[in-house]
Amino acid sequence: MRLMRTSEIAKRPVVTFAGEDVAQVKDIVYAAGGGQVAGFTLAGRGLFAGPLKQALPWKAVVGLGADAVVIRDTTVLEPTKAVIESSRASGGSGADVLGSQVLTDAGVDLGVVRDVVVAVTEGAGGHCDVVGYEIEASAALGTQGEKVLIPLPDTLAASGEHLMVPASAKDFVGRDLAGFGAAVDAFRAQLGGAS
Amino acid sequence: MLFSEAKNRKVVSSSDAATVGKVARFVVDPALRQVVALELRKTDDGDLLRWADISAFGTDAVTVAGAGAIGTATSEIQELADKHRRILGKRLLTSAGDELGEVADVAFDPQTGTLESLVLDKGHEVSASRLLGVGTYAVVVRTED
Amino acid sequence: MEWWGWLIVALVVIVLLVGAVLAVQARRRRGGVIIDGSGPDARPGKGGRGR
């Protein structure tokens, strides 16, 4: 299992088995309940390219690695609307978590989301789940302005503006990805698997 | 035999012992994992020699029955020979999405033209049985597991 | 203005237009991390998705 920041995944090329880079990753889309990554919206690869009308559902991803997202061929892509199930009438996508405030269920502001941490398991049928946020810490964490990692439980309550986490999350704050996997496991164990 | 060793080898006609050209490049079909043609230079008759028309690929020369074996490409071979689909110098990507390096050389069986392995710039070798495709962006191979 | 004056103006305009298109497209390629909001705990997002 690898931990990755979504900021590293954005703009990564999407490459087919035939060796063609057919797109690059635009948005990472995930489900609020459970944190599973549903897929990626796509953009074209040239200087003049814009967003594509097709998106990549997670089940079609053969591999998500350090340098590319690999797919069998372009027939696995689906219309963007199908991957982001709810789209606003204006044509925009769902709420973007980046820049949102994180609140504990006790009403304490922990900071602003600057990046998202996902856990990717290898192999066919692998999973990709959001397990934490990298936030710019508020005064409440005692490290105002620093970037820290906070773990998330299996289920998340999310709106575009406030992301709710259990108050105990602040006891499992991490500084780098290396030890963060363990912090996520410890935090979830402490929650006792409650959703 | 390696592509790097076989490059520049003379192509000789066995009917009159004349040199009809030199090996410039190898055209590979990734689906078959085979060399399907040689691109030649310094020929009078065109620049492609299909593997099937080669009599033997020896350590000092490649023999063909006659210069007539050399010709211009069929459209399939032309597509495979396209300069954007050349295997040498191309990044190597696994199906897990990780780059292993660039393809510096290719080992092949001179009797059959079958690819044996891809040699990377860092010296690692990847078995050609893992080859999934060669495109404009990368050479894609199955991950090891 | 001489003819070459207009040529320079035209070139500058072209460069600015191309620059603008490149900037707009780069912005459109930029992505975020989107909650698709179809899970059990989702709430209406900012800007109101009206659910």
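Each value, and the rule that gives it
- Residues numbered from 1 in each chain as written.
- Chains lettered and ligands numbered in written order.
- Predicted model: local features only at pLDDT ≥ 70, side-chain atom pairs only at ≥ 80, totals over all residues.
- Pairing = 2+ DSSP bridges.
- Helix = DSSP H or I, 4+ residues; strand = E, 2+ residues; numbered from the N terminus.
- Axes fitted to C-alpha atoms, helices over the stretch in contact; angles between N-to-C directions.
- Core = buried A, V, L, I, M, F, W, Y, C linked by C-beta atoms within 7 Å.
- Buried ≥ 20, exposed ≤ 12 C-beta atoms within 10 Å, placed from the backbone.
- Contact = placed C-beta atoms within 7 Å.
- Nonpolar A, V, L, I, M, F, W, Y, C, P; charged D, E, K, R; others polar.
- Domains from an automatic or database assignment.

Quick notes on the sheet that holds strand E12 (residues 139-141) of chain B
All names here are of chain B. Taken together, the six strands give an open sheet; going across it, the order is E10-E9-E8-E7-E12-E11, and neighbouring strands pair in mixed fashion. On the outer flanks of this sheet lie strand E10 (125-127) and strand E11 (131-134), each paired with one strand and no other. Taking the axes of each pair of neighbouring strands and ignoring which way they run, one obtains an average angle of 35° across the sheet. Two strands pair when backbone bridges link them, and strand E9 (residues 115-120) and E10 are joined in this way by three bridges, in the antiparallel orientation. By the bridge assignment for E10, Leu118 is matched with Val126.

A few points about the nonpolar core
If you look at the biggest cluster of nonpolar residues, it comprises 100 residues, and the most contacted ones within it are Val14, Val29, Leu42 and Ile150 of chain A together with Val139 and Val140 of chain B. Not counting the four nearest positions on each side in its chain, Val14 of chain A is found in contact with Asp21, Val22, Ala23, Gln24, Val25, Leu42, Leu56, Val69 and Ile71 of chain A.

Section: the interface of chain A and chain B
Residue-level contacts link 17 residues of chain A with 17 residues of chain B. Contributing elements (two or more residues each) for the side of chain A that touches chain B: strand E2 (13-16), strand E6 (61-64) and strand E7 (69-71) of chain A. At three residues, the largest contribution of residues to the side of chain A that touches chain B is made by E6 of chain A. Of the residues assigned to the side of chain A that touches chain B, the class counts are 10 nonpolar, three polar and four charged.

So, the domain arrangement of chain A
Residue and element names in this part refer to chain A. Segmenting chain A into domains produces domain 1 (2-83) and domain 2 (101-191). For domain 1 and domain 2, the distance between their C-alpha centres works out to 23 Å. On the domain 2 side, the residues contacting the 15 residues of domain 1 number 19 residues. Those elements giving two or more residues to the side of domain 1 that touches domain 2 turn out to be strand E1 (2-5) and helix H1 (6-9). Tallying contributions element by element places E1 first for the side of domain 1 that touches domain 2, with four residues. Each residue belonging to the side of domain 1 that touches domain 2 can be placed in one class, and the counts come to seven nonpolar, six polar and two charged.

Regarding unusual backbone geometry
Residues other than glycine predominantly adopt negative phi, and peptide bonds predominantly adopt the trans conformation. The phi dihedral of Lys11 of chain A is positive, around 75°, even though this residue is not glycine. Position of Lys11 of chain A among the secondary structure elements: in the loop between H1 and E2.

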